[in-house]
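Structural overview
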Amino acid sequence: MGKTIVFWILGLYISLFLGGFFTSLFRGYLMEKAGGSEHEDQEPSGVQDWIFDSMERLFFTLAAAYSVGGAVVGMMIWMGMKMITHRFWPTGASRSSAEAVRFLTVSMSSMIFALIGGLFCRV
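Before going into details, it helps to say that this report is about the structure given with it. What you see is a predicted model, and the numbers here were worked out from it, not measured in a lab.

**Looking at the packing of aromatic side chains**
For the structure shown, the criterion picks out six aromatic pairs. Each ring, one from W8 and one from Y66, has its centre 5.5 Å from the other, and the planes form 45°; the classification is tilted. Placement of W8 in helix α1 (residues 2–33) and of Y66 in the loop between α2 (46–65) and α3 (71–84) is noted, with a sequence separation of 58 residues between them. Looking at Y66, the relative accessible area reads 58%, which means it is exposed. Relative to F22, the ring of F21 has its centre 5.2 Å away and its plane inclined at 75°; by these criteria the two rings are edge-to-face.

**With respect to a nonpolar patch on the surface**
Together, V72, M76, M108, I112 and I116 make up an exposed nonpolar region whose accessible area comes to about 390 Å². For the nonpolar patch, the leading source of residues is helix α4 (residues 97–122), giving three residues. As for its placement among the helices and strands, M76 is situated in helix α3.

**Here we look at α1**
Compared with an ideal rise of 1.5 Å per residue, which puts 32 residues at 46 Å, α1 spans 45 Å between its outermost C-alpha atoms and is within 8% of the ideal. A maximum bend of about 35° is found in α1 at G19.

**Let's talk about the nonpolar core**
In this structure, F60, M75, M79, M111 and A114 together form the largest nonpolar core, which totals five residues. Looking at this core, the elements that each hand over two or more residues are α3 and α4. Not counting residues within four places of it along the chain, the set of residues in contact with A114 comprises S15, R57, F60 and T61.

**Re α3**
Taking 1.5 Å of rise per residue, 14 residues should cover 20 Å, and α3 covers 20 Å from first to last C-alpha, within 8% of that figure. All buried positions along α3 are accounted for by A71, M75, M79, K82 and M83. The arc that holds every buried residue of α3, seen down its axis, measures 130°, which confines them to one face. Seen from the buried face of α3, the exposed residues on the opposite side, beyond 90 degrees, are V73 and I84.

**Considering the environment of R102**
Looking at the element boundaries, R102 is found in helix α4. Taking the C-alpha atoms as reference, R102 lies 9.1 Å from A34; in sequence the two are 68 residues apart.

**Observations concerning the pattern of salt bridges**
In total, this model carries one salt bridge according to the counting rule given. Salt-bridge contacts for R27 lead to D53; the nearest nitrogen and oxygen are separated by 3.1 Å. A residue pair is termed long-range when its members are at least 10 positions apart, and R27 in helix α1 and D53 in helix α2 qualify at 26 residues. Neither R27 nor D53 differs from the other in exposure class; each is buried.

Conventions we followed
Residues numbered from 1 in each chain as written. Predicted model: local features only at pLDDT ≥ 70, side-chain atom pairs only at ≥ 80, totals over all residues. Heavy atoms only, no water. Phe/Tyr/Trp six-rings, centres within 6.5 Å; stacked < 30°, edge-to-face > 60°. Helix = DSSP H or I, 4+ residues; strand = E, 2+ residues; numbered from the N terminus. Buried < 20%, exposed > 50% of the residue type's maximum accessible area, 1.4 Å probe, protein only. Patch = residues over 30% accessible without salt bridge, like charges linked within 9 Å, V, L, I, M, F, W, Y side chains within 5 Å. Areas by Shrake-Rupley, 256 points an atom, 1.4 Å probe, with all protein chains shown as cover. Salt bridge = Lys/Arg side-chain N within 4 Å of Asp/Glu carboxyl O. Expected span 1.5 Å × (residues − 1). Bend = angle between axes of the 7 residues up to and from the residue. Core = buried A, V, L, I, M, F, W, Y, C linked by side-chain atoms within 4.5 Å. Contact = heavy atoms within 4.5 Å. Arc of directions from axis to C-beta.

Encoded structure:
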């Protein structure tokens, strides 16, 4: 029982805290390489972004931890839905395929931490 609790705490820590930290670093790095000043207003506010990303990672961490069939497929569908709804662009902004790939890569890094955290919880 004690070992299970330790792995759950470790898995949630990896998913929520380390995932949030490294995803925000990665997002900052990509925006800096793309000329961040013109893309800064396209991101949601810091707290709103942190809450949304944490809820997303928590959901997929639990899906991976409980071996829900199709969890990885669900992750890919979720990222596709985010791209289709253009969550990352304001209504008047020009949309380029380079921006879409950057934001898809950031979402993928977030999902990787959710999957790793879920695998730790499953142990």
